[in-house]
Amino acid sequence: MTFKYKFESIKKIKETLEKKAKKDLAEVDLQIDRVKVEVVKLDNVIKALKINVREHKSIRASEMHHINRYEEYLRQERITLEQKIVELELLRTAKLEELQEKQKEHKMFETMEEKHHAAFVMDANHIEQIMLDEVAGQKFARGKL
């Protein structure tokens, strides 16, 4: 007699959903890291632009105007990326809560399986004890006759 957990299929589905939630969370973390790298790149471009402007001794007004507009564009791009990071952080929080919920559900089914297995073992031991008692009774009865 072997143990067969009646909720095994549900447990497997819960495991699959937990793995999917972990994957989704990892993807969001990766997106956040990529956007942060883009912000660092933009910061480096802005710094290089400022250094380049300082090195030039004579810059025409039109060139300076063009550089200032480009610098403003880069700053706006940085602000957009920072907003994207905030949105991704909110998404990450939601995915983390979802993962925690999936982990709770999976843990619940694991605990239930452990309880069912313990009850199965107790029943099997009880049945085995009854059979041993019966055999012992038969041997005792044969010895008396």
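So, here's what we can say about the structure. (Residues numbered from 1 in each chain as written. Predicted model: local features only at pLDDT ≥ 70, side-chain atom pairs only at ≥ 80, totals over all residues. Heavy atoms only, no water.)

Bringing the overall build of the protein chain into the picture now. When you go through the protein chain residue by residue, the secondary structure sums to two helices and zero strands. Counting only C-alpha atoms and orienting by the principal axes, one finds that the protein chain spans roughly 125 × 20 × 15 Å. A burial count over the protein chain gives 19% of its 145 residues as buried. In the form shown here, the protein chain has an accessible surface area of approximately 11,600 Å², with 57% of it arising from carbon and sulfur atoms. (Helix = DSSP H or I, 4+ residues; strand = E, 2+ residues; numbered from the N terminus. Buried < 20%, exposed > 50% of the residue type's maximum accessible area, 1.4 Å probe, protein only. Areas by Shrake-Rupley, 256 points an atom, 1.4 Å probe, with all protein chains shown as cover.)

Our next topic: the environment of Leu25. Examined against the element boundaries, Leu25 turns out to sit in helix H1 (residues 8–55). The class for Leu25 is buried, based on a relative accessible area of 9%. Not counting residues up to four positions away in its chain, the partners in contact with Leu25 are Arg92, Lys95, Leu96 and Leu99. (Contact = heavy atoms within 4.5 Å.)

If you walk through the whole model with that rule in mind, you get three aromatic pairs. Between the aromatic rings of Phe3 and Phe120, the centroid separation amounts to 5.4 Å while the plane-to-plane angle is 55°, which identifies the pairing as tilted. Pair noted here: Phe3 is in the segment before H1 and Phe120 is in helix H2 (residues 61–144), with a separation of 117 residues, a long-range link. On the basis of relative accessibility, which here comes to 26%, the residue Phe3 falls in the partly exposed class. (Phe/Tyr/Trp six-rings, centres within 6.5 Å; stacked < 30°, edge-to-face > 60°.)

Turning to the nonpolar core, a few remarks are in order. One finds Val28, Ile32, Val35, Val39, Leu42, Ile46, Leu74, Leu81, Ile85 and Leu88 forming the largest nonpolar core, which totals 10 residues. If you list the elements that add at least two residues to this core, you get H1 and H2. Dropping the residues within four chain positions of it, Ile85 is found in contact with Val35, Lys36 and Val39. (Core = buried A, V, L, I, M, F, W, Y, C linked by side-chain atoms within 4.5 Å.)

Looking now at the pattern of salt bridges. Evaluation of the coordinates by the stated rule reveals 11 salt bridges. Between Asp43 and Arg78 there is a salt bridge, with the nearest N and O atoms lying 2.4 Å from each other. Of this pair, Asp43 sits in helix H1 while Arg78 sits in helix H2, and the two are 35 residues apart along the sequence. For Asp43, a relative accessible area of 22% puts it in the partly exposed group. Judged by its relative accessible area of 25%, Arg78 is partly exposed. (Salt bridge = Lys/Arg side-chain N within 4 Å of Asp/Glu carboxyl O.)

Taken by themselves, the reported measurements are silent on function.
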